[in-house]
Amino acid sequence: MAEQPKTALITGITGQDGSYLTELLLAKGYTVHGVVRRTSNLVRSRIEHLSSDPQIYGRRLFLNYGDLTDGTTLRRIFAQVQPGEVYHLAGQSHVGLSFEIPESTSEEVGMATLRLLEICRDQKQPVKFYHASSSEIFGNASESPQTEETPFRPTSPYGCAKAFATQLAGVYREAYGLFVCNGILYNHESPRRGENFVTRKIARAAARIARGLQSEVILGSLESRRDWGHARDYVAAMWLMMQHESPDDYVVATGVTHSVRDFVATAFAAVDLPWEQYVKRDPAFDRPVEPVRLVGSSAKVRETLGWQPQTAFADLVREMVEAELAVIDA
Ligand code: NAP
Ligand code: G4F
């Protein structure tokens, strides 16, 4: 007998990861439902190529209005969609901004995860739940590289809220036997990254400066180091976790760090410009506290699920800069 197509529900489908995950799941034959919030602009640029395709939209891809803060509607969406797999990616995802808007960040990142776990608990059909945890839970990390066993020491409101949600996810797995996975993901980027994250800001500036549309870019700390991978590779790890026989937590990382300065130098080299002439520093972009030594050991996800990153740092940077140039030159 032919296998029934799987149905997935994605919160945060319009975000960077949501868009790549939707492409992956559609390619695997899933029916995909996304939760989208009401916005003043109807264009959802990252999934426009899918939602404007009549062969896909309304057939295997559906968008449902909802908001993380609106439990009644989320519950109704679950009842209508009856998802087999839920990928919970939505929420305020900017660490620096979480110092400005800590209450709404904690509500969206922390309490909304609890809300969704409670809905999962009440489902009659078995439902698998992926929680988008973050390396920010390790914050001022006590060891390096970090593993699934490293203690949580967050250094931002965002990190605290993710730590709360990560621990709750573990509690629901243990207490109720739910299939719940925490993907503890390190920074992952792409041409679809939000414009106020450092990698996209740099890639965009390098391209615009090269085309004479901008004269400089103002950044915060150039010394900060991150373990940067490609979002396309990281959504594959999310899917693999949900296919494994038992639920678990996994660190997903490249294991290699680069500084913001390295990113700048690589991006400007891609357009043959000396970055020192164009990059200015403003402490206004510094955070009250920065995590230290964030680099992940992905031994578990590599050995258990066979995952490995496919994109090298230099290729990621080049892809991001070339995408910006293509938009300008179109
Ligand atoms: P993103 O591009 O900022 O996308 C966030 C998504 O959440 C968007 O679809 C956004 O909708 C939606 N959203 C925000 N608040 C919402 C609300 N109240 N109700 C409904 N939807 C809401 O983030 P991302 O980079 O794809 O990351 C996905 C998840 O992984 C996030 O939870 C993030 O914290 C986490 N994470 C990311 C990284 C990384 O390096 N990218 C690393 C670790 C963990 P709109 O389009 O309407 O704004
Ligand atoms: O690009 P960022 O804003 O990413 P950050 O704070 O590492 O957070 C991202 O990765 C986390 C995973 O570890 C996710 F959980 C989170 O949702 C998000 O996706 O900043 C990277 C580094 C920081 O040290 C920051 O201080 O770049 C430094 N930086 C320097 N100048 C800047 C800037 N960051 C931003 N956003 N803008 C600047 O001008």
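Residues numbered from 1 in each chain as written. Chains lettered and ligands numbered in written order. Predicted model: local features only at pLDDT ≥ 70, side-chain atom pairs only at ≥ 80, totals over all residues. Heavy atoms only, no water.

A. Quick peek at the overall build of the protein. Secondary structure summary: the protein contains eleven helices and 13 strands in total. Whereas a compact globule of 330 residues would reach a radius of gyration of roughly 20 Å, the protein reaches 20 Å, a difference of no more than 12%. Every one of the 330 residues in the protein was classed for burial, and the buried ones make up 51%. Considering only intrachain contacts with a sequence separation of at least 6, the fraction spanning at least 24 residues in the protein is 79%. For the protein, the accessible area works out to roughly 14,900 Å², and carbon and sulfur atoms hold 50% of it. One finds the centroid of the 35 positive side-chain charges in the protein at a distance of 3 Å from the centroid of its 40 negative side-chain charges. (Helix = DSSP H or I, 4+ residues; strand = E, 2+ residues; numbered from the N terminus. Rg over C-alpha atoms; globule rule 2.2 N^0.38 Å. Buried < 20%, exposed > 50% of the residue type's maximum accessible area, 1.4 Å probe, protein only. Contact = heavy atoms within 4.5 Å. Areas by Shrake-Rupley, 256 points an atom, 1.4 Å probe, with all protein chains shown as cover. Lys, Arg positive; Asp, Glu negative; His and termini not counted. Charge placed at Lys NZ, Arg CZ, Asp CG, Glu CD.)

B. Geometry of the nonpolar core. Of all hydrophobic cores here, the largest spans 35 residues; its most connected members are Leu25, Tyr87, Tyr130 and Met241. Ranked by residue count, the leading element in this core is helix α8 (residues 231–243), at eight residues. Ignoring sequence-local partners within four residues, the contact set of tyrosine 87 consists of Ala8, Leu9, Ile10, Thr11, Leu21, Leu25, Tyr130, Met238, Trp239, Met242 and Gln243. (Core = buried A, V, L, I, M, F, W, Y, C linked by side-chain atoms within 4.5 Å.)

C. Highlighting the site of ligand 1. The local shell around ligand 1 holds 23 residues, among which Thr14, Asp17, Arg37, Ser93 and Tyr158 are the closest. Contacts to ligand 1 include glycine 12, whose backbone N or O atom sits 3.4 Å from an oxygen atom. At 2.8 Å, a backbone N or O of aspartate 17 approaches an oxygen atom of ligand 1. A total of 900 Å² of accessible area belongs to ligand 1 in isolation, and the protein chains cover 88% of it. Within the residue set of the shell around ligand 1, elements represented by two or more residues are α1 (16–27), β5 (128–134) and α6 (157–176). With three residues, β5 is the largest single contributor of residues to the shell around ligand 1. (Near = heavy atom within 4 Å. Polar contact = N/O pair within 3.5 Å; in protein donor to acceptor, adjacent residues only side chain to side chain.)

D. Region of interest: helix α5 (residues 102–121). An ideal rise of 1.5 Å per residue puts 28 Å on 20 residues; α5 measures up with 28 Å between its terminal C-alpha atoms. The largest bend in α5 amounts to roughly 30° and is located at methionine 111. Where α5 is concerned, the buried positions are Thr105, Glu108, Val109, Gly110, Ala112, Thr113, Leu116, Leu117, Ile119 and Cys120. (Expected span 1.5 Å × (residues − 1). Bend = angle between axes of the 7 residues up to and from the residue.)

E. Examining the domain arrangement of the protein more closely. Under the domain assignment used here, the protein contains domain 1 (7–190 + 229–255 + 296–311) and domain 2 (198–224 + 258–294 + 316–329). A separation of 27 Å is found between the C-alpha centroids of domain 1 and domain 2. With 23 residues of domain 1 at the contact, the number on the domain 2 side is twelve residues. Between domain 1 and domain 2, roughly 1,400 Å² of surface is buried when both sides are summed, and carbon and sulfur atoms account for 57% of that area. The largest per-residue losses of area from domain 1 upon contact with domain 2 belong to Phe99, Thr155 and Glu189, which jointly make up 29% of the total buried on that side. Counting across the domain 1 and domain 2 interface gives one salt bridge. Its salt-bridge partner being arginine 232, residue glutamate 319 comes within 3.2 Å of it at the nearest N-O pair. Broken down by secondary-structure element, the contributors of at least two residues to the side of domain 1 that touches domain 2 are α4 (95–100) and β10 (229–230). Counting residues per element, the side of domain 1 that touches domain 2 draws most heavily on α4, at three residues. Across the side of domain 1 that touches domain 2, the residue classes tally to five nonpolar, 14 polar and four charged. (Domains from an automatic or database assignment. Buried area = accessible area lost by both parts, 1.4 Å probe. Salt bridge = Lys/Arg side-chain N within 4 Å of Asp/Glu carboxyl O. Nonpolar A, V, L, I, M, F, W, Y, C, P; charged D, E, K, R; others polar.)

F. The arrangement of the environment of lysine 280 in detail. Position of lysine 280 among the secondary structure elements: in strand β13 (residues 279–281). With relative accessibility at 36%, the residue lysine 280 sits in the partly exposed group. With 63 residues separating them along the chain, lysine 280 and valine 217 place their C-alpha atoms 6.1 Å apart. Setting aside chain neighbours within four positions, we find lysine 280 in contact with Glu216, Val217, Ile218 and Leu219.

G. The arrangement of the pattern of salt bridges in detail. Tallied over the full model, the rule gives 17 salt bridges. The salt bridge partner of arginine 192 is glutamate 23, with a shortest N-O separation of 2.8 Å. Separated by 169 residues along the polypeptide, arginine 192 in the loop between β7 (188–189) and α7 (198–210) and glutamate 23 in helix α1 bring together distant segments of the chain. Notably, a salt bridge pairs glutamate 223 with arginine 261, separated by 2.3 Å at the nearest N-O pair. With glutamate 223 in the loop between β8 (217–219) and β9 (225–226) and arginine 261 in helix α9 (residues 260–270), this residue pair connects regions lying 38 residues apart in the sequence. Each of Glu195, Arg200 and Glu324 takes part in one network of salt bridges that share partners.

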